[in-house]
Amino acid sequence: APVGSQYCVCKVELSVSGQNLLDRDVTSKSDPFCVLFTEMDGRWMEYDRTETAINNLNPAFSKKFVLDYHFEEVQKLKFALFDQDKSSMQLEEHDFLGQFSCSLGTIVSSKKITRPLLLMNDKPAGKGLITIAAQELSDNRVITLSLAGRKLDKKDLFGKSDPFLEFYKPGDDGKWMLVHRTEVIKYTLDPVWKPFTVPLVSLCDGDMEKPIQVMCYDYDNDGGHDFIGEFQTSVSQMCEARDGVPREFECINPKKQKKKKNYKNSGVIILRSCKITRDYSFLDYILGGCQLMFTVGIDFTASNGNPLDPSSLHYINPMGTNEYLSAIWAVGQIIQDYDSDKMFPALGFGAQLPPDWKVSHEFAINFNPTNPFCSGVDGIAQAYSACLPHIRFYGPTNFSPIVNHVARFAAQATQQQTATQYFILLIITDGVISDMEETRHAVVQASKLPMSIIIVGVGNADFAAMEFLDGDSRMLRSHTGEEAARDIVQFVPFREFRNAAKETLAKAVLAELPQQVVQYFKHKNLPPTNSEPA
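All values reported here derive from a predicted model rather than from experimental measurement.

Conventions we followed
- Residues numbered from 1 in each chain as written.
- Predicted model: local features only at pLDDT ≥ 70, side-chain atom pairs only at ≥ 80, totals over all residues.
- Heavy atoms only, no water.
- Helix = DSSP H or I, 4+ residues; strand = E, 2+ residues; numbered from the N terminus.
- Buried < 20%, exposed > 50% of the residue type's maximum accessible area, 1.4 Å probe, protein only.
- Contact = heavy atoms within 4.5 Å.
- Areas by Shrake-Rupley, 256 points an atom, 1.4 Å probe, with all protein chains shown as cover.
- Lys, Arg positive; Asp, Glu negative; His and termini not counted.
- Charge placed at Lys NZ, Arg CZ, Asp CG, Glu CD.
- pLDDT = per-residue confidence, 0-100.
- Salt bridge = Lys/Arg side-chain N within 4 Å of Asp/Glu carboxyl O.

Per the secondary structure count, the protein chain includes 12 helices and 26 strands. With respect to the principal axes defined by its C-alpha atoms, the protein chain has extents near 100 × 80 × 40 Å. Considering the protein chain as a whole, with its 534 residues, one finds that 51% of them fall into the buried category. Looking at the protein chain alone, contacts between residues at least 24 apart form 70% of all its contacts between residues at least 6 apart. Of the roughly 25,400 Å² of accessible surface on the protein chain, a fraction of 51% belongs to carbon and sulfur atoms. Treating the 54 positive side-chain charges of the protein chain as one cloud and the 66 negative ones as another, the clouds have centres 7 Å apart.

Here is the structure:
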């Protein structure tokens, strides 16, 4: 499985308010507070609670709930409102005003939701409503600096200096803390350093006025670098440098300044340009309204075995499941939170269809070609089970028709030139691809579109060809030699997860997706649709 750092972990802040809450007090209005529960191993655990609003049926709580957001997990939340009766911490001592449960994904994909509050018996709690708004907490600004030097002091006896710069910010302990070191430019007193980009939080903790110390040294191989000079500035000062209007800083060596009467400086550092931009995260795009459009492609080739035979990969066991359904559930239950209409096309390939028993490599499993959509993951599972008795498993295993099918929709979405839709194709297959050349070509073309492909291999076949499509080790090329614009295929063999918790499969399968979404929209210079400028 990929290393943890690949997962999209951001901090989300949830603001809660209530409207028309039940009035439990005889003499005055209720004194509500809100408790957030998170689910741990199937049990609700109290996570945090807000302050109490006094005598108020429409409270807006000032205390926020801060949570780690993990895209590849279903994070179940429950918000419960109580009327404070006593100063007790025990919840049973207070009157219950209603509750609401959902996943964190539901909240972030809508950015803000208002829902009715329910009593313990799932009846409405009067006209009570709860509103929850999500915001990403991280500061996603980055700063790009382009610097040069002029007439720096010569430190080497036989040549010029080899200058480099170091940037420091004040640490918590009051000492200067190194933030960035430029590369060394050899044999020059007028260096031009490559532009570099650092997160604003790293450079100044996001505080534009915080002092920044810049030190200039002459590089020595033995590590005893010679000090040339220094200056102090801040990001707000550096921002005065715009393209074409550089900002200059005198590089001062305090020892020389003390000794020499007519000392001016040890050279000048020129800040040629300073730009602050936003480095958008996956969550920024989701909060900006980007929808994940989910399509499933299911392999109905003969190698799967007769679905009535318990050894078949399509055999539905007495528990009502098989590896195909498990894969649909694992991926679908995460992604369905990020699609507002929750209508998903489900396609089959490699089967003969009634009435004329022609082989099809992209048919709607609900047998409705003009409307192949299923309602939610449940709808996909129902359509899948219902179609099994009506088709004949056949072959070959052609992937390219389904890849091209989704790519056509992704290509249409690019005409809007906004970060509003990203397409995910889940292909579940038992094995070897028959149309490898066409599939390679289709994937290379799809890599230029807002689209990712997840392949789950079921059964015990040799999946070497799938590993080849998943360009983790090297970029995929089509048969004409064209290289994929980016890696968009994630392959996972189901057999590695047969005995693991079902969440484990979702994590492995969806690990690379947030990065693929961000990479695509960044490459196209598309910000989230309702983002603020830096």
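A word on the confidence of the model for the protein chain. Segments scoring low in pLDDT should not have their predicted coordinates read at a detailed level. Averaged over every residue, the pLDDT of the protein chain is 92; residues scoring 70 or more account for 97%. Residue range residues 1-7 is modelled with pLDDT below 50. Its contacts to residues more than four positions away, or to other chains, number eight contacts.

This part covers the pattern of salt bridges. Tallying each qualifying case throughout the model produces 19 salt bridges. Lys522 is the partner of Asp279 in a salt bridge, and the nearest nitrogen-oxygen pair spans 2.5 Å. Of this pair, Asp279 sits in the loop between strand E16 (268-278) and helix H5 (282-287) while Lys522 sits in helix H12 (residues 513-523); the two residues are 243 residues apart in sequence, bridging distant segments of the chain. Ionic pairing is found between Arg498 and Glu323, a salt bridge with its closest N-O pair at 2.6 Å. One end of the pair, Arg498, is in the loop between strand E26 (489-493) and helix H11 (502-510); the other, Glu323, is in helix H6 (residues 323-335), and 175 residues separate them in sequence. What emerges from the salt-bridge pattern is a single network uniting Lys169, Asp205 and Lys210.

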